[in-house]
Amino acid sequence: MNADYCAIHNRLAKFANSFDLKDWDGLCACLAPSVYTDYSDLRGTPPEQMSNRRYADLRRIALQDLKTHHISGNIEIEIEADTAKAKVSTMIYRQDAEGTTLHTHCLYEFGLQKMAAAWYIDAIVQKVFWSDGSSAIHSGIVR
């Protein structure tokens, strides 16, 4: 595996681990200054473009009080010059203080760009296969 593949793989791992560690600055640092997001499968909201700080702040507000664990695998990475696409199969476990859970089985489709010799996520599309549990524990879901 070449250096770009390793750097992208590490960026995607840091992205997922940042949620579980509640490392919102670390999450922000994984992202390009502007990020396209599409969480319509989970949240019922339209896709949007936002700053990396707004993305991290929205995740902090929605997830700070939940225990989470993002488990990822089946990573496919395609690199073309200074851009890349990655598909990552992910299982997201969530639990609130009362023990209520919401678990989501999904596929992330990431866009990445190389800037100043480092890779940053500039697009995040989450395709939900199914979820188990109560969506009421996740304040980021507006349905």
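Right above here is the structure, for reference.
Residues numbered from 1 in each chain as written. Predicted model: local features only at pLDDT ≥ 70, side-chain atom pairs only at ≥ 80, totals over all residues. Heavy atoms only, no water.

A. Examining the packing of aromatic side chains more closely. Summed over the entire model, instances satisfying the criterion amount to eight aromatic pairs. On the basis of an interplanar angle of 80° and a centroid distance of 6.3 Å, the ring pair of Phe15 and Tyr108 is categorised as edge-to-face. Of this pair, Phe15 sits in helix 1 (residues 3-21) while Tyr108 sits in strand 5 (residues 101-115), placing them 93 residues apart in sequence. Taking the relative accessible area as the measure of exposure, Phe15 reaches 2% and is therefore buried. Accessibility expressed as a relative area gives 4% for Tyr108, which makes it buried. (Phe/Tyr/Trp six-rings, centres within 6.5 Å; stacked < 30°, edge-to-face > 60°. Helix = DSSP H or I, 4+ residues; strand = E, 2+ residues; numbered from the N terminus. Buried < 20%, exposed > 50% of the residue type's maximum accessible area, 1.4 Å probe, protein only.)

B. Representation of helix 1. Between its terminal C-alpha atoms helix 1 stretches 26 Å, which fits the 27 Å expected from 19 residues at 1.5 Å a residue. Where helix 1 begins, the capping side chain belongs to Asn2, and its oxygen is found 2.9 Å from the backbone nitrogen of Asp4. Backbone geometry just after helix 1 places Lys22 at a positive phi near 55°. (Expected span 1.5 Å × (residues − 1). Polar contact = N/O pair within 3.5 Å; in protein donor to acceptor, adjacent residues only side chain to side chain.)

C. Expanded view of the pattern of salt bridges. According to the stated counting rule, one finds four salt bridges in the structure shown. The salt bridge involving Lys114 is made with Asp4; its shortest N-O contact spans 2.9 Å. Placement of Lys114 in strand 5 and of Asp4 in helix 1 is noted, with a sequence separation of 110 residues between them. In this structure Asp4 comes out as partly exposed when scored by relative accessible area, which is 22%. In this structure, the salt-bridge partner of Asp57 is Arg53, at a minimum N-O distance of 3.7 Å. With a gap of four residues between them, Asp57 and Arg53 both fall in helix 4 (residues 52-63), about one helical turn apart. Overall, Asp57 belongs to the partly exposed group, its relative accessible area being 26%. Residue Arg53 is classed as partly exposed on the basis of its relative accessible area of 33%. Among the charged side chains, a network of salt bridges with common partners joins Asp25, Arg53 and Asp57. (Salt bridge = Lys/Arg side-chain N within 4 Å of Asp/Glu carboxyl O.)

D. Looking closely at the pairing of strand 4 (residues 83-95). Taken together, the 12 bridges between strand 3 (residues 67-80) and strand 4 define a ladder with antiparallel strand orientation. Of the residues in strand 4, the one forming a bridge with Ile71 is Met91. Pairing of strand 4 with strand 5, which is carried by 13 bridges, proceeds in the antiparallel orientation. By the bridge assignment for strand 5, Arg94 is matched with Leu102. (Pairing = 2+ DSSP bridges.)

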